[in-house]
There are 2 protein chains.
Amino acid sequence: MGPPMRQFAITVAYDGTNFGGWQIQTNAISVQQCLQEAIEHATSEVVCINGSGRTDSGVHALGQVASFALSGWKAPPERLVPALNRHLPRTIVVRQCREVVLGFDPIRNAKRKRYRYTIRNARVPDPLQYSFQWWYPRRLEVDAMQQATTYLTGTHDFKAFETLGSPRKTSVRTVYDLSIGSQQHEDGCDIRIEIEADGFLYNMVRNIAGALCEVGVGRFGPRWIKGVLESKERQSTSQTAPARGLCLMQVQYPESLFIDCASKSDSPD
Amino acid sequence: MGPPMRQFAITVAYDGTNFGGWQIQTNAISVQQCLQEAIEHATSEVVCINGSGRTDSGVHALGQVASFALSGWKAPPERLVPALNRHLPRTIVVRQCREVVLGFDPIRNAKRKRYRYTIRNARVPDPLQYSFQWWYPRRLEVDAMQQATTYLTGTHDFKAFETLGSPRKTSVRTVYDLSIGSQQHEDGCDIRIEIEADGFLYNMVRNIAGALCEVGVGRFGPRWIKGVLESKERQSTSQTAPARGLCLMQVQYPESLFIDCASKSDSPD
């Protein structure tokens with residue numbers, strides 16, 4: 001018998017701009033591959049890591065969660081944080097590491113996920129935030145967008161906001177929170193759409209962000225969103241917002257799946 | 001006689017990461033060169049543009065001001081904004097353009113300049129802000145840093161905070177405002193040092209930021225800054241904060257130097 005396996009869940013932040021996305025692929029560098037290589041360098045163990053979901057190329061994360069098992073790691077889980085960061089490019093940072101029960105599944109065990117979509121509504125783009133915002137030069141009415149969000153919270157069939165290509169058993173999801181914040185600045189306004197749900201269909205946040213902008217710019221009234229939702233069909237009239245404005249903020253799991261509870265690794269020394 | 005010259009002042013934002021700095025040089029791409037080429041493409045006139053100051057490689061700007069003269073531009077100055085942005089890389093954005101009196105000198109006519117220095121005080125860096133923050137993992141006491149700033153406001157000889165290499169007639173400057181803001185987040189704290197003065201010596205903000213961190217980390221008490229200032233000598237005990245955390249926010253000029261006053265190009269349509 002070999003040494004007992006221990007399973008870990010890491011919280012990962014990354015700038016998705018120059019990656020081919022989360023998932024390992026042949027023709028581009030992926031976040032998953034970089035993490036697996038860092039784990040191999042740090043522990044001399046070859047692992048397969050599983051993420052809470054695949055982010056597309058250009059999509060960012062502050063709170064992606066991924067899991068893997070090691071047989072030889074004897075130190076506390078939080079010691080993996082600096083050990084992995086030492087072997088990662090500066091576009092990927094492990095923020096936290098906790099031990100989880102064996103068999104922990106970062107996709108199936110996820111209770112809630114939260115995404116943020118950021119729009120720069122200004123006459124000119126911000127070159128310092130180019131990779132992290134959708135620059136939308138035409139004026140958006142945030143009040144109208146906020147009214148439209150009321151039709152999307154709760155449990156609905158979100159088929160109309162799913163891009164085809166990744167079939168799911170059901171397209172019914174529960175949106176717990178969908179809020180829009182805006183901040184005025186000299187050139188215009190930054191708009192943040194935050195959306196928390198029990199799960200997301202392919203491109204769901206980007207399709208909702210695109211549809212909310214159709215309302216914000218006055219092309220349709222807020223109630224148009226209700227019609228789109230009830231149609232259960234992807235509308236040709238609605239656009240998909242670009243990847244760069246999207247960021248995976250948080251994935252929540254039942255606390256009972258975590259083994260260590262004393263991890264106080266969140267604040268600086 | 002040729003057509004009458006008109007002079008313009010543009011407000012420019014740029015991500016300084018991949019530039020060799022503001023000033024034209026032989027072995028790296030400069031912001032100045034990109035702007036001159038954009039002006040030539042947009043107007044078919046070859047110009048020399050002057051900035052309010054040279055930012056080093058890696059230093060950013062949201063409010064750099066630069067000036068140039070054209071003989072053939074008949075349209076309102078604000079029409080130069082989209083015309084130039086069309087020919088600029090996405091790391092440089094012209095935010096505003098106003099007509100100024102002939103002979104306007106963006107260095108000598110500047111009344112005040114404002115810089116921001118951003119520090120990430122957290123156990124791990126933020127990969128989405130890597131190029132725009134100094135990651136400082138050891139815990140900083142913001143209160144102590146704030147106390148230290150009180151010795152630096154007002155009119156002083158700032159020779160002790162000047163890096164040699166760019167001699168000035170006098171090293172006396174007036175700091176009108178020096179404030180420190182901090183924002184807690186899950187991983188630690190973001191610290192913003194904002195400093196407004198009638199002018200700055202070479203590396204003055206980066207040297208002040210480095211010295212404030214020596215106080216913040218507890219290596220010296222707040223009054224140590226007073227001694228450094230009064231020594232009028234660069235201290236080997238004090239570090240220069242890295243370029244990437246620095247951003248030129250604003251340059252102020254007497255309103256009488258601007259010819260157009262009707263420019264309302266700041267908000268989206």
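Predicted, not measured: the structure shown is a model, and the values here were computed from it.

Novice: How would you summarise the overall build of chain A if you had to cite specific residues and measurements?
Specialist: Tallying secondary structure elements over chain A gives five helices and ten strands in all. Over its C-alpha atoms chain A spans a radius of gyration of 20 Å, differing by no more than 12% from the 18 Å that the globule rule assigns to 269 residues. Across its three principal axes, chain A shows a C-alpha extent of roughly 65 × 40 × 40 Å. Long-range pairs, those at least 24 residues apart, make up 71% of the contacts in chain A between residues at least 6 apart in sequence. Averaged over its 31 positive side-chain charges, chain A has a centre that lies 3 Å from the centre of its 27 negative ones.

Novice: Give a description of the relation of the copies chain A and chain B that names residues and reports values.
Specialist: Once chain A is rotated about the relating axis by 180° and shifted along it by 0.0 Å, it coincides with chain B to within an RMSD of 0.0 Å. Such a turn and shift between the copies fits a two-fold axis. Scanning chain A for the C-alpha nearest the rotation axis identifies Gln-129 of chain A, at a separation of 4.6 Å. An overlap of 100% is found between the interface residues of chain A and their copies at the interface of chain B, pointing to a shared contact surface.

Novice: Please give an account of the interface of chain A and chain B that cites residues and values.
Specialist: The interface is formed by 36 residues belonging to chain A together with 36 residues belonging to chain B. Interface of chain A and chain B: buried area, both sides summed, is about 3100 Å²; carbon and sulfur atoms make up 55% of it. Between chain A and chain B we count four salt bridges in total. Residue Glu-186 of chain A is joined to Arg-95 of chain B by a salt bridge in which the shortest nitrogen-to-oxygen separation is 3.7 Å. Connecting chain A to chain B are two residue pairs in polar contact (both at pLDDT 80 or more).

Novice: Go over the environment of Val-12 of chain B with me, naming the residues and quoting the values.
Specialist: Here Val-12 of chain B is to be found in strand β1 (residues 6-14). Sequence separation between Val-12 of chain B and Gln-129 of chain B is 117 residues, and the spatial gap between their C-alpha atoms is 20 Å.

Novice: Go over the pairing of strand β9 (residues 188-197) of chain B, please, and point to the residues and values.
Specialist: All names here are of chain B. Among the ten residues that make up β9, eight are buried, leaving the element largely enclosed by the rest of the structure. The sheet contact formed by strand β5 (residues 112-122) and β9 spans ten bridges and is antiparallel. Bridged to Ala-122 within β9 is Gly-188. Bridge count between strand β8 (residues 172-185) and β9: ten bridges; the pairing is antiparallel. Within the sheet, the bridge partner assigned to Ser-182 lies in β9 and is Ile-191.

Novice: An account of helix α1 (residues 31-43) of chain B is needed here, citing residue identities and associated values.
Specialist: Count 3.6 residues to each turn of an α-helix, and residues three or four apart come out pointing the same way. Residues and elements named next belong to chain B. Taking 1.5 Å per residue, 13 residues should reach 18 Å; α1 reaches 18 Å between its end C-alpha atoms and fits that length. Residues of α1 that are buried: Val-31, Gln-32, Cys-34, Leu-35, Gln-36, Ala-38, Ile-39 and Thr-43. Buried residues along α1 sit against β1, β3 (60-70), α2 (80-85) and β4 (92-100). Positive backbone phi, at 60°, marks Ser-44, one or two positions downstream of α1.

Novice: Help me get a handle on the nonpolar core, residues and values and all.
Specialist: Residues Leu-35, Phe-68, Ile-119 and Phe-161 of chain B are the most contacted members of the largest nonpolar core, which totals 80 residues. When residues in this core are grouped by element, the largest group, eight residues, is from helix α4 (residues 204-216) of chain B. For Leu-35 of chain B, the contacting residues outside a window of four places in its chain are Ile-10, Val-12, Trp-22, Ile-49, Leu-88, Ile-92 and Val-94 of chain B. Ranked by size, the runner-up nonpolar core spans 79 residues in total, among them Val-65, Val-81, Leu-212 and Tyr-253 of chain A.

Novice: Mind laying out the packing of helix α3 (residues 142-149) of chain B against α4 of chain B, listing which residues take part and the relevant values?
Specialist: All names here are of chain B. In contact at an axis separation of 8 Å, α3 and α4 are set at 130° when each is read in the N-to-C sense. Judged by the inter-axis angle, α3 sits oblique to α4. In this structure, α3 meets α4 at a crossing whose hand is right-handed. For the pair α3 and α4, the contacting residues are Ala-144, Met-145, Ala-148 and Thr-149 in the first and Leu-212, Cys-213, Val-215 and Gly-216 in the second. Among the residues forming the contact of α3 with α4, the class breakdown is six nonpolar, two polar and no charged.

Novice: I'd love a proper account of the packing of aromatic side chains, names of residues and values included.
Specialist: Per the stated rule, a full pass over the model turns up 16 aromatic pairs over all chains. Ring plane angle 40° and centroid distance 6.0 Å describe the contact between Phe-8 of chain B and Phe-68 of chain B, whose orientation is recorded as tilted. Taken together, the residues span a long stretch of sequence, with Phe-8 of chain B in strand β1 and Phe-68 of chain B in strand β3 at a distance of 60 residues. In this structure, Phe-8 of chain B and Phe-68 of chain B share a single accessibility class: buried. In textbook terms, an aromatic cluster arises when at least three aromatic residues are bridged by ring pairs, as seen for Phe-104, Tyr-253 and Phe-258 of chain A. Here the basic side chain of Arg-98 of chain A rests over the ring of Phe-258 of chain A, its NZ or CZ set 4.0 Å away from the ring centre. Directly above the ring of Tyr-176 of chain A sits Arg-112 of chain A, whose terminal nitrogen or CZ lies 3.7 Å from the centroid.

Novice: Tell me about helix α3 (residues 142-149) of chain A, and please be specific about residues and values.
Specialist: All names here are of chain A. Those residues of α3 not exposed but buried are Val-142, Ala-144, Met-145, Ala-148 and Thr-149. Each buried residue of α3 sits inside an arc of 160° when the element is viewed along its axis, so together they form one side. Those residues of α3 hidden inside the fold are in contact with β5 (112-122), β8 (172-185), β9 (188-197), α4 (204-216) and α5 (224-231).

Novice: Which residues make up the environment of Tyr-14 of chain A, and what are the values?
Specialist: Examined against the element boundaries, Tyr-14 of chain A turns out to sit in strand β1 (residues 6-14). For Tyr-14 of chain A, a relative accessible area of 0% puts it in the buried group. Taking the C-alpha atoms as reference, Tyr-14 of chain A lies 5.4 Å from Thr-91 of chain A; in sequence the two are 77 residues apart. Residues in contact with Tyr-14 of chain A, not counting those within four places in the same chain, are Trp-22, Val-31, Thr-55, Val-59, His-60, Ala-61, Gln-64, Thr-91 and Ile-92 of chain A together with Pro-127 and Leu-128 of chain B. Polar side-chain contacts of Tyr-14 of chain A include one of 2.8 Å to the side chain of Thr-55 of chain A. Among the polar contacts listed, one links the side chain of Tyr-14 of chain A to the side chain of Gln-64 of chain A, at a separation of 3.3 Å.

Novice: Account for the pattern of salt bridges, with residues named and values stated.
Specialist: Residues and elements named next belong to chain B. Per the stated rule, a full pass over the model turns up 26 salt bridges over all chains. Taking the shortest distance from any N to any O, the salt bridge between Asp-56 and Arg-206 comes out at 3.6 Å. Placement of Asp-56 in the loop between β2 (50-51) and β3 and of Arg-206 in helix α4 is noted, with a sequence separation of 150 residues between them. Linking Arg-219 and Glu-214 is a salt bridge whose minimum nitrogen-to-oxygen distance equals 3.2 Å.

Quick notes on the rules
- Residues numbered from 1 in each chain as written.
- Chains lettered and ligands numbered in written order.
- Predicted model: local features only at pLDDT ≥ 70, side-chain atom pairs only at ≥ 80, totals over all residues.
- Heavy atoms only, no water.
- Helix = DSSP H or I, 4+ residues; strand = E, 2+ residues; numbered from the N terminus.
- Rg over C-alpha atoms; globule rule 2.2 N^0.38 Å.
- Contact = heavy atoms within 4.5 Å.
- Lys, Arg positive; Asp, Glu negative; His and termini not counted.
- Charge placed at Lys NZ, Arg CZ, Asp CG, Glu CD.
- Least-squares fit on C-alpha atoms with pLDDT ≥ 70 in both.
- Buried area = accessible area lost by both parts, 1.4 Å probe.
- Salt bridge = Lys/Arg side-chain N within 4 Å of Asp/Glu carboxyl O.
- Polar contact = N/O pair within 3.5 Å; in protein donor to acceptor, adjacent residues only side chain to side chain.
- Buried < 20%, exposed > 50% of the residue type's maximum accessible area, 1.4 Å probe, protein only.
- Pairing = 2+ DSSP bridges.
- Expected span 1.5 Å × (residues − 1).
- Core = buried A, V, L, I, M, F, W, Y, C linked by side-chain atoms within 4.5 Å.
- Axes fitted to C-alpha atoms, helices over the stretch in contact; angles between N-to-C directions.
- Parallel < 35°, antiparallel > 145°, perpendicular 65-115°, else oblique.
- Left-handed = near helix turned anticlockwise from the far one by under 90°.
- Nonpolar A, V, L, I, M, F, W, Y, C, P; charged D, E, K, R; others polar.
- Phe/Tyr/Trp six-rings, centres within 6.5 Å; stacked < 30°, edge-to-face > 60°.
- Lys NZ or Arg CZ within 6 Å of the ring centre and 35° of its normal.
- Arc of directions from axis to C-beta.

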